[in-house]
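As a plain string of letters, each chain reads:
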Amino acid sequence: MRIITTNAVGNDEWVGIDDIRISALPLTPIYTIQGSGDTSPFTGQTVNTGGIVTGFFKGTLGAREGFYLQDRVGDGNPLTSEGLYVFAGSSGAPLAALQVGDSVIVSGTVGEVATSTRLTSTSFSVISSGNSLPAAVPVTLPFPALTDPERFEGMLVTLEQTLTVTDNFYLGRFGEVTLSSGGILPQPTHIALPGAAALAVQAANDLNRVILDDGSSQQYPDPTPYLFGGATQAENTLRGGDTISGATGVLYSHSSNPAGWRLQPTAAPVFVRANPRSAPPAVGGNLKVAGISAYNFFTELGSRGATNATEFDRQRAHLVAALVSIDADIFGLSELQNNGYGTGSALAALVAALNAAVTNGSVYAFVSHTGYPAPPVDADAIMCGFIYKTNTVELVGNSVFNADSIFIRPPLAQTFRKSSNGEKITVCVNHFKSKGVAGTNYQDQDQGDGQGANNYTRTQQSQALATWLTTFPTGDSDPDILIIGNLNAFAKEDPIASLVKAGYTNLTERDQGATGFTFNINGQWGHLDHALATPGLAARVNRAEAWHCNSPEPRTLDYNTEFKSANQQLMNSGATPWRFSDHDPILIGINLDSPSPLQTWRALHGLASDGSQDLASAASDGVANLLKYAFNMAPNADDLPRMNVSVLAPGGNSGLARIFRDGNGRLVVEFVRRKAATNPGINYQVQTGEDLTNLQPLDLTGATLASLDTTWERVTATDPAVTAKRFGRLNISTFGP
């Protein structure tokens, strides 16, 4: 026998005849407590309410701290939540015995914590157990507005769409990952210009994220949640870019950040390995250069890098494993301890370990430099350095640091020669000023345009770098110059734009585009590390790619032992490349061989080596170089220089063919070309015909030649055919592959 009674919330309750507990308390429904605004209209008041337990939240010690309560039916108003978090941390055994599906009546005080309403319980009673849970409400990202999740606060929801792990920074420490729809979230200034456009991207990002928590505020949960399982935790860890569908739980916020809504799972989340680990990308070419952030590689323990021998051994093993896997001819490194070049230096220790690990016969050496700028330029504890493969490249002259006081960590340049063919390249490795605490210059304060602090100084550093490199500071005038390193600026920011304006091709953006990245901060991804090349070298770069062995990995796997449980310290403790740094390395494959005349011509004119595209000119006027050189639109000193292979005419004579009919109705083609004696392999062919799809070459033997100077001549060629319809064109080409 059972007794059916109706509570003040309007729901039926039943109890056994031997355990009759019919509440006479006036109950305030949860949706009334929540209200339709951001805060409860009952804040500070003591109320009685009831509902079904849908889940629990654990405190810092791993014990239950409270539970989520949801009304059975609700009021049908989409603006009011039917859920509520009940803080019952001092309830002891009754709280520990509570079960999901229990129907309870609670007395407590209403309050607001961060952005959420909670009830601090003074007492609660279980009315019945085993009740069906309210149906989870479908919720979709992005949210329509930052305030939209408020109406689901404390309720069971399900995110039916496929979501991507866009941040796992706190996976090991707090058991939480951030999810977004449509893939990982981009850094605004990686895809949009600073200012209004970037701020719009940021606003969209803020609506498109939710934190998947582990239902606990315990630090360093053991085992670490959301791993794939398998041989080792490190091999199966959750990476940025992995996905999940149908995540279900209680939506709640413990943060004052309006974008800090969390899903406390009520069912075990199931992830899909959508971004698996991979070998270093194949970048082709016959010379490989890599830009590496060494993550504060210090031999002086307890300073900026490893704090003890255990950490140092882990750090060195990871870094060396990465260098061996990349197998570059030239490594340009940043974040090395600035402690010289002796046997105890960071560079010497790293090269010794690298040579001990290499098994393919390669031998590495580091570039030593004794003329490092004196203080105050040499003001930082870290510096840039080079490691190179002595089997494949040789040093040309000495390395040189830029002593300009604008640099805190001076750029380092070195010219290298490829041993097999004598071709040369100058590489400059950099580490620009960070986005952290602003300098004393008011212009370095965060301007609110998405570029962070110190953008003014970084832009000055960029301009100083470009100017310095025009002087060929290594003493070698070979025009092939490669800029690599952590420029602490994303692709659309002023420092990168400054280098592009100076004539450099941004290789990482050219080859990876908007979806590329080397760094993740606050769940937003982009290129903080870059590779840029002069036009001639850019045409010879086969591919520039990032190896995503670091940024998608949680920091639990780095060399540090602090902020980790005992088991987490054992994760990734071997010689693996995973999470050797917080920045992904950039790999650049270069065809450093003797170029053909066609490659030379294209390189000098800023064109793709395979002719597949015509890049915008250095004049930044939007006119592609091939068109510019054909139409002679801007042959001035501010544009690309006219080299000997140029098809332009001197003295303002247009390089564009003039086509007209003469008095006899014959088609005449007139153009300016180089004389045969000075022709560096450029061919001119006039084609005419009645059909544009079938033009035939015109014999130029009888063409009229008018000398303009010692180099140039005007050619007038006449088509003997006279027809009602006649077309003509001039083809200009070069010989080559």
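The model shown is predicted, which means the values in this text are computed figures rather than measured ones.

Cut-offs applied
Residues numbered from 1 in each chain as written. Predicted model: local features only at pLDDT ≥ 70, side-chain atom pairs only at ≥ 80, totals over all residues. Heavy atoms only, no water. Helix = DSSP H or I, 4+ residues; strand = E, 2+ residues; numbered from the N terminus. Buried < 20%, exposed > 50% of the residue type's maximum accessible area, 1.4 Å probe, protein only. Areas by Shrake-Rupley, 256 points an atom, 1.4 Å probe, with all protein chains shown as cover. Pairing = 2+ DSSP bridges. Axes fitted to C-alpha atoms, helices over the stretch in contact; angles between N-to-C directions. Contact = heavy atoms within 4.5 Å. Phe/Tyr/Trp six-rings, centres within 6.5 Å; stacked < 30°, edge-to-face > 60°. Salt bridge = Lys/Arg side-chain N within 4 Å of Asp/Glu carboxyl O. Expected span 1.5 Å × (residues − 1). Polar contact = N/O pair within 3.5 Å; in protein donor to acceptor, adjacent residues only side chain to side chain.

A. A look at the overall build of the protein. Broken down by element type, the protein carries 14 helices and 36 strands. Counting across all 737 residues of the protein, residues that qualify as buried make up 53%. In the form shown here, the protein has an accessible surface area of approximately 29800 Å², with 53% of it arising from carbon and sulfur atoms.

B. Expanded view of the sheet that holds strand β28 (residues 541-546). Strand order in this open sheet of 6 strands is β18-β19-β17-β16-β29-β28, and the pairing throughout is mixed. Each edge of the open sheet is held by one strand with a lone partner, namely β18 (364-366) and β28. In this sheet, neighbouring strand axes are inclined to one another by 20° on average, regardless of whether the strands run parallel or antiparallel. In this sheet, strand β19 (residues 382-389) lies alongside strand β17 (residues 330-337) in antiparallel orientation, the contact comprising 6 bridges. In the sheet register, L333 faces β19, and the bridge partner there is G385. Relative to strand β16 (residues 287-297), helix α6 (residues 309-326) is tilted by about 170°, and along the sheet it contacts β16, β17 and β29 (586-590).

C. Highlighting the sheet that holds strand β7 (residues 116-128). Pairing in this closed barrel of 5 strands is mixed, and the strands run β3-β4-β5-β7-β6 around the ring. When strand polarity is set aside, the average angle formed by the axes of neighbouring strands in this sheet is 55°.

D. Here's a closer look at the pairing of strand β4 (residues 64-70). Counting buried positions along β4 yields 5 of 7 residues, so the element is predominantly enclosed. Pairing between strand β3 (residues 46-58) and β4: 6 bridges, direction antiparallel. From the neighbouring strand, V53 faces β4, where its bridge partner is L69. If you look at the hairpin formed by β3 and β4, you'll find 5 residues sitting between the two strands, and G62 has a positive phi there, around 90°. With 5 bridges joining them, β4 and strand β5 (residues 83-87) adopt antiparallel strand pairing. Bridging across to β5, F67 finds its partner in V86.

E. Quick look at the packing of aromatic side chains. For the coordinates displayed, the defined rule picks out 17 aromatic pairs. Between F517 and W525, the aromatic rings sit 4.9 Å apart at their centres with planes inclined by 75°, giving edge-to-face as the arrangement. On the basis of relative accessible area, F517 is assigned to the buried category, the value being 9%. Owing to a relative accessible area of 3%, W525 belongs among the buried residues under this scheme. Ring-pair connections join several aromatic residues into one group, and the members of that group are F57, Y68, Y85 and Y252.

F. Quick peek at unusual backbone geometry. The residue after L141, namely P142, is reached through a cis peptide bond having omega 0°. Within the secondary structure layout, P142 lies in the loop between β8 (137-138) and β9 (156-167). Here the amide bond leading from D222 into P223 is cis, since omega sits at 10°, within 30 degrees of zero. By the secondary structure assignment, P223 is in the loop between β12 (210-212) and β13 (243-253). The residue Y220 is not glycine, and still its phi comes out positive at about 55°. Inspection of the secondary structure puts Y220 in the loop between β12 and β13. Since its relative accessible area comes to 23%, Y220 is described here as partly exposed.

G. Geometry of the environment of A247. Position of A247 among the secondary structure elements: in strand β13. Between the alpha carbons of A247 and P269 there is a distance of 5.9 Å; along the sequence they are 22 residues apart. Not counting chain neighbours up to four residues away, the residues in contact with A247 comprise V157, T158, L159 and L263.

H. Inspection of the pattern of salt bridges at higher detail. In the structure shown here, the tally under the stated rule is 21 salt bridges. Here R209 ties to D206 by a salt bridge, and the two come within 3.5 Å at their closest N and O atoms. Residue R209 is classed as buried on the basis of its relative accessible area of 12%. We note a salt bridge from D558 to K564, for which the minimum N-O separation is 2.9 Å. The same class applies to D558 and to K564, which are both buried.

I. Examining helix α8 (residues 455-469) more closely. Here α8 spans 21 Å end to end across 15 residues, near enough to the 21 Å set by a 1.5 Å rise per residue. Where burial is concerned, most of α8 is hidden: 11 out of the 15 residues are buried. Within α8 the residues assigned to the buried category are N455, T457, R458, T459, Q461, S462, A464, L465, A466, W468 and L469. Packed against the buried residues of α8 are β20 (393-401), β21 (412-418), β22 (424-431), β23 (481-486) and α9 (494-501).

J. How the structure looks around the environment of D558. Summarising the element assignment, D558 is placed in the loop between β28 and α12 (566-570). Spatially, the C-alpha atoms of D558 and M571 are 9.0 Å apart, while their sequence positions differ by 13 residues. Setting aside anything within four residues of it in sequence, one finds D558 in contact with Y295, R314, K564 and R579.

K. Up close: the side chain of D511. Relative to the elements of secondary structure, D511 occurs in helix α10 (residues 507-512). By relative accessible area, D511 is classed as buried at 10%. Looking at D511, its side chain comes within polar contact range of the side chain of R510, at 2.8 Å. With residues near it in sequence (within four places) discarded, D511 still touches R543, A544 and E545.

L. Highlighting the side chain of T688. Structurally, T688 is set in strand β32 (residues 682-689). Reaching out from T688, the side chain makes a polar contact with the side chain of D719 at a distance of 3.1 Å. If we ignore the near neighbours within four places in the chain, the residues touching T688 are L667, L695, Q696, L698, D719, R726, F727 and G728.

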